[in-house]
Amino acid sequence: MELKTKAAYVAVLLACSFIAPLEAVTCYKCNSALESGCSDPFKSSGIETCTGTTCAKSFASAGGQTVVARDCMSVPPPKDECKEYSVSGVTSTVCTCARDYCNSAKTIIPSAWLLAVVGVLSLSAAIRN
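Right, let's walk through the structure included here. (Residues numbered from 1 in each chain as written. Predicted model: local features only at pLDDT ≥ 70, side-chain atom pairs only at ≥ 80, totals over all residues. Heavy atoms only, no water.)

### Quick look at the environment of Pro78
The residue Pro78 is located in the loop between strand 4 (65-73) and strand 5 (81-87) in this model. Given the relative accessible area of 10%, Pro78 is considered buried. As for Pro78 and Ala98, which are separated by 20 residues in sequence, their C-alpha atoms are 5.7 Å apart. (Helix = DSSP H or I, 4+ residues; strand = E, 2+ residues; numbered from the N terminus. Buried < 20%, exposed > 50% of the residue type's maximum accessible area, 1.4 Å probe, protein only.)

Here is the structure:
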């Protein structure tokens, strides 16, 4: 395969890796203040599910107590990220992800597209050498 063709394939793969999926994902929906299985370590048995474009997991701490909530969101573009907020003495972290049941994890891991980008860039560097 000629170098130009390889470069074209790499460019297409790279472009495709940045397309955000807007398909529905299934997530867990619960609140540890109401359901003991919702906190970490998470116990999915008997936990309700929901459908959206993004799964969310949030932690809110105040007065030495932490509440964990898991839910669905329908807000594009879905991202694997965590953001921290602090309002009136309540500190919260909201993590989002876009894979089925991804809000069951203790932490949100980078999405597969990010790993694909790293792989494509590594392949591109190897082709140039």
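From this point, things continue past the structure.
### Here's the deal with unusual backbone geometry
Geometrically, the link from Asp40 to Pro41 is a cis peptide bond, its omega value of 0° lying close to zero. Although it is not a glycine, Ser88 adopts a positive phi angle of roughly 50°. As for its position among the elements, Ser88 is in the loop between strand 5 and strand 6 (90-97). For Ser88, a relative accessible area of 76% puts it in the exposed group. The phi dihedral of Tyr101 is positive, around 60°, even though this residue is not glycine. Structurally, the position occupied by Tyr101 is in the loop between strand 6 and helix 2 (112-128).

### Comments concerning the side chain of Arg70
Mapped onto the elements of the fold, Arg70 is located in strand 4. What makes Arg70 buried here is its relative accessible area of 1%. When residues no more than four places from it in sequence are discounted, the contact partners of Arg70 are Tyr28, Lys29, Cys30, Cys38, Ser39, Asp40, Phe42, Ala56, Lys57, Asn103, Ser104 and Ala105. (Contact = heavy atoms within 4.5 Å.)

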